[in-house]
Structure formats: structure tokens, C-alpha cells
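Below, each chain spelled out in residue letters.
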Amino acid sequence: MHFPLMLALAAGAFFLWRKGGTKLSHALICAGFGFYFADTAAAPSLHSAVNSVVGMLSQLG
């Protein structure tokens, strides 16, 4: 389940970079923050929330 979510986020970041005016440096800073945030104590809560949202969306479709 992580790989499709990562692909969707990467596609969104690429779209914003190409069409939305997001600079590559902004995208790299956000990616670095994501990797840093994954090592904190809040990561399990965020992971659980994302899994819940993805589960609800998969039941809708």
C-alpha cells in the first residue's frame, strides 16, 4: 500500500513542479522534511491516519 501512495504523491509533486510553479528546491525541502519527520515519535500516528484514510477511500471505490 505504500508504493502506490508514494507514486501518487510523487506524481502530484511533479505536476505542481511543472504546472503550479513549485520550484525544485521547494520540493526537495519538503521531501527532506518528510524523511526527517518519519524518524520522530509522531510518525506512527501519521502512518495510522494515512492508513485509515486510504482504507476509507478504498471502500468507496
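See the structure shown above.
Keep in mind the model is a prediction, meaning the values are calculated, not measured. (Residues numbered from 1 in each chain as written. Predicted model: local features only at pLDDT ≥ 70, side-chain atom pairs only at ≥ 80, totals over all residues. Heavy atoms only, no water.)

### Notes on the overall build of the protein chain
Consideration 1: Counting secondary structure elements, the protein chain contains three helices and zero strands.
Consideration 2: Taken from the N to the C terminus, the helices and strands of the protein chain come in the order α-α-α.
Consideration 3: Its C-alpha atoms give the protein chain a radius of gyration of 13 Å, clearly above 10 Å, the size a compact globule of 61 residues would have.
Consideration 4: Dimensions along the principal axes, computed over C-alpha positions, put the protein chain at roughly 35 × 30 × 15 Å.
Consideration 5: In the protein chain, which comprises 61 residues, the proportion classed as buried is 2%.
Consideration 6: Counting every atom, the protein chain has about 5200 Å² of accessible surface; 74% of that belongs to carbon and sulfur. (Helix = DSSP H or I, 4+ residues; strand = E, 2+ residues; numbered from the N terminus. Rg over C-alpha atoms; globule rule 2.2 N^0.38 Å. Buried < 20%, exposed > 50% of the residue type's maximum accessible area, 1.4 Å probe, protein only. Areas by Shrake-Rupley, 256 points an atom, 1.4 Å probe, with all protein chains shown as cover.)

### Notes on the environment of leucine 9
Consideration 1: Among the secondary structure elements, leucine 9 is positioned in helix H1 (residues 2-19).
Consideration 2: Note on leucine 9: relative accessible area 57%, which makes it exposed.
Consideration 3: With 13 residues separating them along the chain, leucine 9 and threonine 22 place their C-alpha atoms 14 Å apart.

### Let's talk about the environment of serine 52
Consideration 1: Inspection of the secondary structure assignment puts serine 52 in helix H3 (residues 43-60).
Consideration 2: Here the alpha-carbon distance between serine 52 and leucine 7, two residues 45 residues apart in the chain, equals 18 Å.

### Structural notes on the layout of surface pockets
Consideration 1: Within this model, the largest pocket holds a volume of roughly 1100 Å³.
Consideration 2: Around the largest pocket, the lining comprises 29 residues; the ones closest to its centre are Met6, Leu9, Cys30, Ala31 and Gly34.
Consideration 3: At the level of elements, H1, helix H2 (24-37) and H3 are the ones that each hand at least two residues to the lining of the largest pocket.
Consideration 4: Its residues assigned to classes, the lining of the largest pocket shows 22 nonpolar, seven polar and no charged. (1 Å grid on protein atoms, 1.4 Å probe; cavity = no way out; pocket = protein on both sides within 12 Å on 5 of 7 lines; lining within 4 Å. Points joined across faces, edges and corners; volume = space filled by probe spheres on them. Nonpolar A, V, L, I, M, F, W, Y, C, P; charged D, E, K, R; others polar.)

### Let's talk about a nonpolar patch on the surface
Consideration 1: A cluster of nonpolar side chains, Leu5, Leu9, Leu46 and Val50, forms an exposed patch at the surface whose accessible area comes to about 320 Å².
Consideration 2: Counting residues per element, the ones that place at least two in the nonpolar patch are H1 and H3. (Patch = residues over 30% accessible without salt bridge, like charges linked within 9 Å, V, L, I, M, F, W, Y side chains within 5 Å. Salt bridge = Lys/Arg side-chain N within 4 Å of Asp/Glu carboxyl O.)

In short, the description is geometric, and any link to function would need to be established separately.
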